[in-house]
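# Topology and contacts: notes
Each chain, letter by letter, is given below.
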Amino acid sequence: MRIGVLTGGGDVPGLNAAIRAVVKRAEMEYGHSVVGFRNGWRGVCEGLLMPLTREDVRGILPRGGTMLGTARFHPHQHDGGIDAVLSTLEAERVEALVCIGGDGTLKAASKVADAGVKVVGIPKTIDNDVEGTDLSIGFHTAINIATEAIDRLHTTAESHNRVMIVEVMGHTVGWIAVNAGLAGGADLILTPEDPFDIEEVAAFIKRRHKSHANFSIVVVAEGAQPAEGTAMDFETPLNERGAIVAGSIGERLTQELSERTGFDTRLTVLGHVQRGGTPTPTDRILGSRFGVAAVDAISQETFGVMTALRGEEIKLVPLKKIAGKVKQVPQELVEVSKALW
Ligand code: F6P
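Predicted, not measured: the structure shown is a model, and the values here were computed from it.

### Examining the packing of helix α1 (residues 15–30) against helix α9 (residues 281–299)
Where α1 contacts α9, the two axes come as close as 7 Å, and the packing angle between them is 40 degrees. Viewed along their axes, α1 and α9 adopt a mutual orientation that is oblique. You can see that α1 and α9 cross each other, and the crossing is right-handed. Every residue of α9 that contacts α1 at Ala-17, Ala-18, Ala-21, Val-22, Arg-25, Ala-26 and Tyr-30 is listed here: Arg-284, Gly-287, Ser-288, Gly-291, Val-292, Val-295, Asp-296 and Ser-299. Looking at the contact of α1 with α9 residue by residue, the classes come out as 8 nonpolar, 4 polar and 3 charged.

Encoded structure:
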């Protein structure tokens with residue numbers, strides 16, 4: 001069998017581990033051959049592909065990014081996009097596809113599966129918002145990077161008696177904010193799941209500085225928003241493709257807290273550093289497990305599914321069940337992050 005593999009959406013550390021596992025499992029266990037499509041679904045539409053053998057994936061396990069390149073391109077959103085996918089797969093004699101991506105790429109995978117293609121998805125996103133899996137590739141590395149940044153900001157915040165605001169990624173969910181904030185001992189963690197009241201936030205910081213501390217660390221998710229009817233009027237700005245404009249809530253919060261508390265306040269927007277560099281062992285292992293499970297599914301003729309981590313086990317969940325859904329931070333975790341303010 002000839003299997004195609006692609007990586008779509010924003011890159012994350014751990015993608016190469018998944019690609020390597022797909023190639024090695026396919027070749028060594030089943031004698032399949034593998035081709036890699038360049039730049040996500042765009043490469044499938046344009047017929048941009050390369051052969052992938054064990055030789056080609058040697059040494060990529062610890063490398064961040066994706067050796068295949070990626071793009072935010074979804075064939076079902078373009079005229080003739082699905083037809084272009086079908087004709088490339090036919091011309092290249094690709095019988096099954098492994099699609100490694102976040103919600104957008106997996107939704108496209110579900111549409112392509114509806115058109116009759118044999119598809120298996122693998123979830124990846126630093127946002128950890130893919131429904132149906134406990135973890136997506138890349139999230140663990142992102143929270144490690146963000147935690148280290150928060151640790152580092154502690155020492156400079158303390159030295160200068162400052163309020164440090166750290167804006168982390170996560171799009172419409174607060175998984176990175178809550179996890180890195182808890183692990184880094186942030187004093188306040190603001191998430192989209194729990195809209196904030198700016199007056200309460202400012203009062204908390206003033207109380208804290210009066211009673212026992214001379215600095216504060218505030219972690220804010222890029223998608224966090226003030227609660228309706230509270231003193232701060234703010235609408236999250238979106239770019240031309242509907243994605244959150246990084247730095248917006250961070251800048252506004254910095255200005256509000258500086259004015260409302262009178263404390264010296266600084267902003268750090270962590271940005272794409274959260275998606276860069278070496279994957280953690282957890283992401284390498286998760287990518288490897290998902291890659292093996294995807295090829296096993298294909299070899300057992302199970303299609304239209306996504307590999308998922310559920311507790312300790314790797315499962316297959318129907319793409320239809322998860323496509324278009326967003327996994328939010330559970331209330332319990334949000335509450336813990338607030339209990340330790
Ligand atoms: O979905 C991953 C993510 O890093 C989000 O956290 C963030 O909002 C977005 O991608 C940034 O997108 P881009 O890399 O296109 O600027």
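Still more to cover.
### As for the domain arrangement of the protein chain
Each domain of the protein chain was delimited in the assignment, giving domain 1 (2–138 + 279–322) and domain 2 (142–275). On a C-alpha basis, the centres of domain 1 and domain 2 stand 34 Å from each other. Taken residue by residue, the interface counts 11 residues in domain 1 and 11 residues in domain 2. Summed over both partners, the interface of domain 1 with domain 2 buries about 940 Å², with 53% contributed by carbon and sulfur atoms. The three residues of domain 1 that bury the most area against domain 2 are Arg-72, Ile-126 and Asp-127, which together make up 50% of that side's buried surface. Inspection of the domain 1/domain 2 interface yields 1 salt bridge. Of the charged contacts in the structure, one is a salt bridge between Arg-275 and Asp-11, with a shortest N-O distance of 3.1 Å. At the junction of domain 1 and domain 2, the tally comes to 4 residue pairs in polar contact (both at pLDDT 80 or more). Its residues assigned to classes, the side of domain 1 that touches domain 2 shows 3 nonpolar, 4 polar and 4 charged.

Rules used throughout
- Residues numbered from 1 in each chain as written.
- Predicted model: local features only at pLDDT ≥ 70, side-chain atom pairs only at ≥ 80, totals over all residues.
- Heavy atoms only, no water.
- Axes fitted to C-alpha atoms, helices over the stretch in contact; angles between N-to-C directions.
- Helix = DSSP H or I, 4+ residues; strand = E, 2+ residues; numbered from the N terminus.
- Parallel < 35°, antiparallel > 145°, perpendicular 65-115°, else oblique.
- Left-handed = near helix turned anticlockwise from the far one by under 90°.
- Contact = heavy atoms within 4.5 Å.
- Nonpolar A, V, L, I, M, F, W, Y, C, P; charged D, E, K, R; others polar.
- Domains from an automatic or database assignment.
- Buried area = accessible area lost by both parts, 1.4 Å probe.
- Salt bridge = Lys/Arg side-chain N within 4 Å of Asp/Glu carboxyl O.
- Polar contact = N/O pair within 3.5 Å; in protein donor to acceptor, adjacent residues only side chain to side chain.

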